[in-house]
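Here are the chains, one letter per residue:
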Amino acid sequence: MKFENANVLITGGASGIGKIMGRMALEKGAKCFIIWDINLVGIEATRKELSKYGKVKGYVVDVSNNEIVNVAYRKTVEDCGEIDILINCAGIITSNKTFDQQTPEEIVKTMSINTIAPMFVARAMLPDMLKRNRGHVCTIASAGGMISNPKMSVYAASKWGVIGWSDSVRIELQEMKSDVHFTTVAPYYINTGMFDGVKSRIIPILKPEYVAKRVIRAIERNKAFRGIPFGFHFIRFWQAILPTRVFDFFFGQVFGIYHTMDQFTGRKRVKESLGKAS
């Protein structure tokens, strides 16, 4: 899918890799970068900063509310025209507490933003894309949706769910022989501030510009799935051939993945993380 002359809508686009991808889309000739975010101040700051690259529009949208999403979509189309590329980038993590300490509110909020919201947003836009037989939906999931990790059980569940949904819709579209495409992206920890305090022993924490560039490239090439770094494509292979205890030892102890969240602090305010990629 080409970005040139495309209307590109990014949820959580006021900051983090959402903002970076918006800039890259404009640099590639996008007609308009459309921001859906809950942070009005961030929207306005991003709009002013990136307007030198092209047209930027912003809307305050709670993507976990289906009614608000549908109203915002109609308003966006009225103002900007049809959406060609949707990037579901909004995400949240509330804490590094073990599951028994998670509150019902934290569980609902995490699942609503990370799993249900991308479905609501895509469901609003997909019918029009199917009518035009053109469009692309990219969902930023997480490597946490491919490998179980202690102290992030609800977050992992939310990302496992969104990966299963996104890839299932991809197959549905494939069987329809539609030219609408779905891409699922599962990156490791990204240095955007959302995962402040995370310590990764062997696998380096990813730079936002690097991840944004890989996502843009995956959309341009209509890739079905992109793990970042590439080695994460093989996680399920190793899970299949290794006994659980052996897998846990290598990935949990040798690579240290099971202890990455031990010193997690995140952002001071949960609301600040709602518009960041996960």
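The sections below set out a description of the structure shown in this document.

What counts and how
- Residues numbered from 1 in each chain as written.
- Predicted model: local features only at pLDDT ≥ 70, side-chain atom pairs only at ≥ 80, totals over all residues.
- Heavy atoms only, no water.
- Helix = DSSP H or I, 4+ residues; strand = E, 2+ residues; numbered from the N terminus.
- Rg over C-alpha atoms; globule rule 2.2 N^0.38 Å.
- Buried < 20%, exposed > 50% of the residue type's maximum accessible area, 1.4 Å probe, protein only.
- Contact = heavy atoms within 4.5 Å.
- Pairing = 2+ DSSP bridges.
- Axes fitted to C-alpha atoms, helices over the stretch in contact; angles between N-to-C directions.
- Core = buried A, V, L, I, M, F, W, Y, C linked by side-chain atoms within 4.5 Å.

### A few points about the overall build of the protein chain
Broken down by element type, the protein chain carries eight helices and seven strands. For 278 residues, the compact-globule estimate of 2.2 N^0.38 gives 19 Å, and the C-alpha radius of gyration of the protein chain, at 18 Å, lies within 12% of that figure. Each of the three principal axes of the protein chain carries a C-alpha extent, and together these read 55 × 40 × 35 Å. The buried share of the protein chain, taken over its 278 residues, is 51%. Counting only contacts in the protein chain whose residues sit at least 6 apart along the sequence, the fraction spanning at least 24 positions is 72%.

### Comments concerning the environment of Tyr53
With respect to the secondary-structure elements, Tyr53 resides in the loop between α2 (40-50) and β3 (55-60). Between the alpha carbons of Tyr53 and Ala25 there is a distance of 9.3 Å; along the sequence they are 28 residues apart. When near neighbours in sequence (up to four residues on either side) are disregarded, Tyr53 contacts Arg23, Leu26 and Glu27.

### Things to note about unusual backbone geometry
For residues other than glycine, phi is negative in most cases, and the peptide bonds are mostly trans. Between Ile228 and the following residue, Pro229, the backbone shows a cis peptide bond with an omega angle of 0°. Looking at the element boundaries, Pro229 is found in the loop between β7 (225-228) and α7 (235-241). Its identity is not glycine, yet Asn222 carries a phi of approximately 55°, on the positive side. Mapped onto the elements of the fold, Asn222 is located in the loop between α6 (208-220) and β7.

### Observations regarding the sheet that holds β7
With parallel pairing, the seven strands of this open sheet are ordered in space as β3-β2-β1-β4-β5-β6-β7. If you trace the sheet from one side to the other, it starts and ends with β3 and β7, each paired once. Averaged over all neighbouring strand pairs, the angle between strand axes comes to 15°, with direction disregarded. In this structure, strand β1 (residues 7-11) lies alongside strand β4 (residues 85-88), joined through three bridges in parallel fashion. When the sheet's bridge partners are listed, Ile10 is paired in β4 with Ile87. Running at roughly 180° to β3, α2 makes contact with β2 (32-37) and β3 of the sheet.

### Some thoughts on the nonpolar core
Ranked by size, the top nonpolar core spans 83 residues in total, and within it Met21, Trp36, Ile87, Met125 and Phe195 carry the most contacts. For this core, the element with the most residues is helix α4 (residues 104-132), which contributes seven residues. Sequence-distant contacts of Met125, defined by excluding residues within four places in its chain, comprise Leu9, Trp36, Tyr73, Ile83 and Leu86.

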